[in-house]
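Chain and residue survey
This is what each chain is made of:
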Amino acid sequence: MTDLSQLTLGERPGGRTALRADWVLGHGDNGHQLIRDAEVVIEGGKVLFIGQRFGGEVARRIDMGRSLISPGLIDLDALSDLDTTILGIDNHPGWAKGRVWPRSYVESGPYEMYSPEELAFQKRYAFAQLLLNGITTAAPIASLFYREWGETVGEFNAAADAAGDLGLRVFLSPAYRAGGMVLEAPDRMEPVFDEERGLAGLADAVAFIGAQSGRHDGLVNGMLAPDRVETCTETLLRRTDDAARDLGVRFRLHMAQGTMERDVVQRLHGHTAPGWLASLGLLSDRLIAPHATVATDADLELYARHGVSVVHCPLVSCRGGGSALRSFAGLKARGINIAMGTDTTPPDMLLNLLVGLIAARIVEGGPQGASSADLWNAATLGGADALGRPDLGRLHVGGPADISVFGLDDPVMTPAIDPITTLVAGGSGKVTRAVFVNGRLSMANGQVAGLDLEKAQSRAQAQYDGVVAKYPERSWGHPPLAEIFPPSFPMAKDT
Ligand SMILES: [Zn+2]
């Protein structure tokens, strides 16, 4: 254990604090560099020194022992609700399992399946989980399946306050959409549009960013979040890009992520999604585009030419068995910036990096597919570059003290070799010992400020059980719950 007890959770320590560890990941002219037996000194919200031994006076020295002091991880598709995709791990196809609204549910009037308080709580709980996993910067994502339509300003005002209370750097605004997919018959989905509703959502998001950006000591930042390309119209996308330019923010749009989307966009617009946006002049470095798993070579050429960043979420992409990024090495060779996203539960970036390493190598047929350092770069520098924030994702003197400390002497990690290889191969964020954001101690030894995790866990489970119970209402034919989600093994009699 370490003597982190010298610090108060949720507070920025006064004076200078030197954090020592067996390994520090610093940053030089050519990217990250490892420093053995080194320390990082923080003062206020900034990094004052990185190197083997600071000569100046410090208020305290904290020895983190056999661990890695790393720049905090950046998650640009950061799970921010109670994830429903896990219900589909062993239950499919998605259209039969409540993942597309049937016509009957649309006609009976979709409604909010969670209360405003529940939505606010979920984001706070999700932000805590991100910190537990060493994530210091997050762009939240949530499913709209259980929503009446889009996300609301009220829940995002609460999310901004949660980010401030917990100490997490966020880029966000309520997600909006101009349409949705409706299940007209088994396995037959049709898009329906309501553009006015989408434009109203954009206006709300712009107002939210105007009111919230810069709050909580700069932890709250704007990012526009139109939901997914097949639920957007040309006008909504044009106005989104204009607003992003005016506000100086990025916009995130899911595209080239699935065959249903590919077919719908082809039918409506005669292009792939990247081709459609290119024809509208809407591809630029303002666009952050998860997941690119069905991107063609021509799509990737467009991304490369226009500076689009891809958010790579290998755990959720690969778990279904049907899609993987093709390929990590191919995007890298084209010079496309790759950021990372967790996008599912568990929101464990180290597990995500391990799956990313494995998937990249299977796709390329060997270790040339990706290295551990490639994945670590994506989870730090790639995210920062996608956001246009070169001050983030790297530890440098004068930069913000956004730091994650990962234990290398944890039983789940032993024996440790190179620290980056060890943490990627270990594949578990459970070894995260401490997280500093803006110089403040946001997580230490599994605890966060501003939330009792034990109580929060039971509250989250109760909310989740409640929404699962509502699945029959929005599943095709409205079968009972036990038919939508049968048990993995047959249930024993009398249980
Ligand atoms: Zn996603």
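Going by the structure above, here's the rest.
Values in this document were obtained by computation on a predicted structure and should not be read as measured data.

1. Things to note about the overall build of the chain
- Within the chain, the secondary structure is distributed over 16 helices and 20 strands.
- Since a compact globule built from 495 residues should have a radius of gyration of about 23 Å, the 22 Å found for the chain is in line with a globular shape.
- Counting only C-alpha atoms, the chain reaches 70 × 60 × 50 Å along its principal axes.
- Every one of the 495 residues in the chain was classed for burial, and the buried ones make up 59%.
- Only carbon and sulfur atoms are counted for the fraction: they give 51% of the accessible area of the chain, which is about 19000 Å².
- Taken as two groups, the 45 positive and 59 negative side-chain charges of the chain have centres that lie 2 Å from each other.

2. Looking at the packing of helix α2 (residues 116-132) against helix α3 (residues 153-166)
- Remark: α2 packs on α3, axes separated minimally by 9 Å, with the N-to-C direction vectors making an angle of 35°. Of the two elements, α2 crosses α3, and the hand of that crossing is right-handed. Where α2 approaches α3, its residues Leu119, Ala120, Lys123, Arg124, Phe127, Ala128 and Leu131 are matched on the opposing element by Glu155, Phe156, Ala158, Ala159, Asp161, Ala162, Ala163, Asp165 and Leu166.
- When the residues that make up the contact of α2 with α3 are grouped by side-chain class, the tally is 11 nonpolar, no polar and 5 charged.

3. Points about the packing of aromatic side chains
- Evaluated as defined, the whole model comprises 8 aromatic pairs.
- With a centroid separation of 5.8 Å and 10° between ring planes, the pair formed by phenylalanine 121 and tyrosine 125 is classed as stacked. Remark: tyrosine 125 and phenylalanine 121 occur in helix α2; sequence separation between them is 4 residues, near one turn of the helix. Considered together, phenylalanine 121 and tyrosine 125 belong to a single accessibility category, that of buried residues.

4. Some details on helix α13 (residues 372-386)
- When the terminal C-alpha atoms of α13 are compared, their 20 Å separation across 15 residues agrees well with the 21 Å that a helix rising 1.5 Å per residue should span.
- Bending of α13 peaks at approximately 40° at the position of alanine 378.
- Counted residue by residue, α13 has 12 buried out of 15 residues, so it is predominantly covered.
- When α13 is considered as a whole, its buried residues turn out to be Ser372, Asp374, Leu375, Trp376, Ala378, Ala379, Thr380, Leu381, Gly382, Gly383, Ala384 and Ala386.

5. Quick notes on the sheet that holds strand β15 (residues 309-312)
- The strand order across the open sheet formed by 4 strands is β13-β14-β15-β16, and the pairing between neighbours is parallel. Looking at strand neighbours, the two that pair on one side only are β13 (251-252) and β16 (338-340), the edges of this open sheet.
- Sheet contacts for α13: β14 (287-290), β15 and β16; angle to β16, the most-contacted strand, approximately 105°.

6. Thoughts on the pairing of strand β10 (residues 179-185)
- Here β10 lies mainly inside the structure; 5 of its 7 residues are buried.
- Taken together, the 2 bridges between strand β7 (residues 101-102) and β10 define a ladder with parallel strand orientation. Along β10, the bridge assignment pairs tryptophan 101 with valine 182.
- Of the pairings in the sheet, the one linking β10 to strand β11 (residues 188-193) comprises 6 bridges and is antiparallel in character. Its bridge partner being in β11, methionine 181 is matched across the sheet by proline 191.

7. Some points on the coordination of the zinc ion
- Protein coordination of the zinc ion is provided by Asp77 (OD), His254 (NE2), His291 (NE2) and Asp343 (OD), with donor distances spanning 2.1 to 2.4 Å.
- Written as a sequence motif, the donor arrangement for the zinc ion is D-x176-H-x36-H-x51-D. Linking aspartate 77 in strand β6 (residues 73-79) with aspartate 343 in the loop between β16 and α12 (349-364), this pair joins segments that are 266 residues apart in sequence.

8. Some points on the pattern of salt bridges
- Counted by the stated rule, this structure contains 32 salt bridges.
- Residue glutamate 230 is joined to arginine 228 by a salt bridge in which the shortest nitrogen-to-oxygen separation is 3.2 Å.
- Overall, arginine 228 belongs to the partly exposed group, its relative accessible area being 27%.
- The salt bridge involving arginine 286 is made with aspartate 241; its shortest N-O contact spans 2.9 Å. Of this pair, arginine 286 sits in the loop between α8 (273-279) and β14 while aspartate 241 sits in helix α6 (residues 234-247), and the two are 45 residues apart along the sequence. Per residue, the accessibility class of arginine 286 equals that of aspartate 241, and both read buried.
- One salt-bridge network, in which partners are shared between bridges, spans Arg20, Asp22, Asp37 and Asp63.

What counts and what doesn't
- Counting of residues starts from 1 at the beginning of each chain's written sequence and follows it residue by residue.
- Side-chain atom pairs in this predicted model are given and counted only at pLDDT of 80 or more, local residue features only at pLDDT of at least 70, and totals for whole chains, interfaces and linings cover all residues.
- Note that the side-chain values use all heavy atoms of the structure and ignore hydrogens as well as water.
- Under the DSSP-based scheme used, a helix requires at least four consecutive residues in state H or I and a strand at least two consecutive residues in state E, with every element numbered from the N terminus.
- For the radius of gyration, the atom set is restricted to C-alpha positions; the globular benchmark scales as 2.2 Å times the number of residues to the power 0.38.
- Whether a residue is buried, partly exposed or exposed follows from its accessible area with a 1.4 Å probe, protein chains only, as a fraction of its type maximum: under 20%, in between, or over 50%, in that order.
- Under the convention used here, a 1.4 Å probe and the Shrake-Rupley method define accessible areas, while residue burial counts only the protein chains that appear.
- By the counting scheme adopted, Arg and Lys are positive, Glu and Asp are negative, and His together with the chain ends is not counted.
- Charged side chains are reduced to one point each, which is NZ for Lys, CZ for Arg, CG for Asp and CD for Glu.
- All axes are obtained by fitting lines to C-alpha atoms, using only the stretch in contact for helices, and the reported angles, taken between N-to-C directions, cover 0 to 180 degrees.
- Take the far helix as your reference; a near helix turned counterclockwise from it by less than a right angle gives a left-handed crossing, and one turned clockwise gives a right-handed crossing.
- The criterion used for residue contact is that any of the two residues' heavy atoms lie within 4.5 Å.
- Throughout this entry, Asp, Glu, Lys and Arg are counted as charged residues, while Ala, Val, Leu, Ile, Met, Phe, Trp, Tyr, Cys and Pro are counted as nonpolar. The remaining residues, Gly among them, count as polar.
- Two rings from Phe, Tyr or Trp (for Trp, the six-membered ring) form a pair when their centres sit within 6.5 Å of each other. Planes less than 30 degrees apart are called stacked, planes more than 60 degrees apart edge-to-face, and all others tilted.
- In this analysis, the expected span of each helix is defined as 1.5 Å times one less than the number of residues it contains.
- The angle between axes fitted to the seven residues ending at a residue and the seven residues starting there is what we call the bend at that residue.
- Note on pairing: DSSP must find at least two bridges between two strands before they are called paired.
- Only nitrogen, oxygen and sulfur atoms qualify as donors, provided they sit within 2.8 Å of the metal or within 3.2 Å for Na, K and Ca; with water excluded from the atoms, sites may seem incomplete.
- Salt bridges, as used here, are contacts in which a Lys or Arg side-chain nitrogen is within 4 Å of a carboxyl oxygen on Asp or Glu.

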